[in-house]
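# Summary of the model geometry
The lines below spell out each chain.
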Amino acid sequence: MIETVDFKPDEEYFAAANSYSGFVSRFPQEFDPIRYERMFILKGGPGTGKSTLMRGIGSRFANKEIKINISSDDDAPLPKIDNCYIDIDEMIEKENLDLIDVCLPTFLHKDAVIKALERGINVLVEKPMALSTDECKQMMDSASDSRGRFMVGHCVRFSKQYDFLKEIVKSGKYGKLISAEFQRLSQTPLWKMGKTAQDGGVIFDMHIHDVDFALYLFGMPDSLSSVCNKNHTECDVVTTVFKYGDTFVNIKGDWSLPQSFPFSTPYKIVFENAMIEF
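Everything numeric here is computed off the predicted structure, so don't read it as measured data. (Residues numbered from 1 in each chain as written. Predicted model: local features only at pLDDT ≥ 70, side-chain atom pairs only at ≥ 80, totals over all residues. Heavy atoms only, no water.)

## What about the pairing of strand β11 (residues 267–271)?
Covered by surrounding structure in β11 are Y267, I269 and F271 only, the residues K268 and V270 on the alternate face being uncovered. By the bridge criterion, five bridges tie strand β7 (residues 177–187) to β11 in an arrangement that is antiparallel. The residue of β11 that forms the bridge with E181 is K268. The pairing of β11 with strand β12 (residues 274–277) spans three bridges and is classified as antiparallel. (Buried < 20%, exposed > 50% of the residue type's maximum accessible area, 1.4 Å probe, protein only. Helix = DSSP H or I, 4+ residues; strand = E, 2+ residues; numbered from the N terminus. Pairing = 2+ DSSP bridges.)

Written out as structure tokens, the structure is:
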């Protein structure tokens, strides 16, 4: 008999989804937020979609002094907060920092991360880590030589509707994996047309979430293939297939949809004795 396992979002899920507090609470021990009394956030300015995670982090520092905000938008007014900088070198030189959360546009990640690590500061960088393997390697090499800790914020791993899947797969509770499908669907981001070279487009901006989670869940595939459809940008719809023996994992990222279409992230995983659908 096939057992259908339903995931039903509750108030806790929606609270976590709205604030990403679940992500913060699942930091490794070395990143225990209570330890960090001096924290700066490098913020990417309007329209970068980075603010949700910041609210979650900020909520964990309710009784701490937080000095916050670097803006990458030269025209954006600076908030009226003491110790606010528009230059990372000046900030690192003047402040005694425990942690820097780098939420800049992707093409600016490498330099900010390396500067912080070279000073021994702990660094959390937003996904995607970078736009090339060479830049990733430079950051990883810098982290290896630094006393600071380094982490990439692949937040989907810590979201409640995904987190429980890891334990199910690990335990083998429902038998062998038969198939899996992950989708990340969005209206066309008209505000960033012409800027995809700076953030990597749908592959780096959206598809990477589910690619990372599939690798986290099932490990490295025996083989893979990817195809892209072009419409507004170089790639608007991407489909990747991971092959594990005779099992296939299908992953789709699509931001070609109409403006009325709501952002959604459905998935379906079929085991020998159960199906999990969200």
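## A word on helix α7 (residues 160–171)
The terminal C-alpha atoms of α7, which comprises 12 residues, lie 18 Å apart, in line with the 16 Å expected from a rise of 1.5 Å per residue. Of the positions making up α7, those classed as buried are Q161, Y162, L165 and I168. For α7, the arc enclosing every buried residue in end-on projection is 110°, short of the 170-degree limit, so these residues lie on one face. Opposite the packed face of α7, turned more than 90 degrees from it, sit the exposed residues E167, K170 and S171. Immediately downstream of α7, the backbone of G172 shows phi near 70°, a positive value. (Expected span 1.5 Å × (residues − 1). Arc of directions from axis to C-beta.)

## Focus on the confidence of the model for the protein
Overall, the predicted model of the protein reaches an average pLDDT of 77, with 68% of residues at or above 70. Per-residue pLDDT stays below 50 along residues 1–72; that stretch engages in 159 contacts with residues further than four places along the chain or on separate chains. (pLDDT = per-residue confidence, 0-100. Contact = heavy atoms within 4.5 Å.)

## Section: the state of the cysteines
Summed over all chains, the structure comprises one disulfide. Put simply, C228 and C235 are joined by a disulfide, and their sulfur atoms are 2.1 Å apart. Looking down the S-S bond of the C228 and C235 bridge, the torsion is -75°, so its handedness is left-handed. Exposure remark for C235: the relative accessible area of 9% places this residue in the buried category. (Disulfide = S-S within 2.5 Å.)

## Describing the nonpolar core
One finds F182, F218, V249 and I269 to be the most contacted residues of the largest nonpolar core, which totals 22 residues. Of all the secondary structure elements, the ones that give two or more residues to this core are α7, β7, α9 (201–218), β9 (237–244), β10 (247–257), β11 and β12. Tallying contributions element by element places α9 first for this core, with five residues. Residues contacting F218, with those up to four places away along its chain left out, are V169, L177, A180, F182, Y244 and V249. In terms of nonpolar packing, the next biggest core, distinct from the first, is built from 21 residues, I100, I121, C136 and M139 among them. (Core = buried A, V, L, I, M, F, W, Y, C linked by side-chain atoms within 4.5 Å.)

## Focus on the packing of aromatic side chains
Scanning the model with the defined rule gives nine aromatic pairs in all. Consider the rings of Y162 and F213, whose centres lie 5.0 Å apart with planes at 70°: the pair is edge-to-face. Within this pair, whereas Y162 is found in helix α7, its partner F213 is found in helix α9, the two being separated by 51 residues in sequence. Taking the relative accessible area as the measure of exposure, Y162 reaches 2% and is therefore buried. Owing to a relative accessible area of 0%, F213 belongs among the buried residues under this scheme. Among the aromatic residues, those joined into a cluster by ring pairs are Y162, F182, F213, Y216, Y267 and F278. Over the ring of Y216 we find K166, and its NZ or CZ is 4.4 Å from the ring centre. (Phe/Tyr/Trp six-rings, centres within 6.5 Å; stacked < 30°, edge-to-face > 60°. Lys NZ or Arg CZ within 6 Å of the ring centre and 35° of its normal.)

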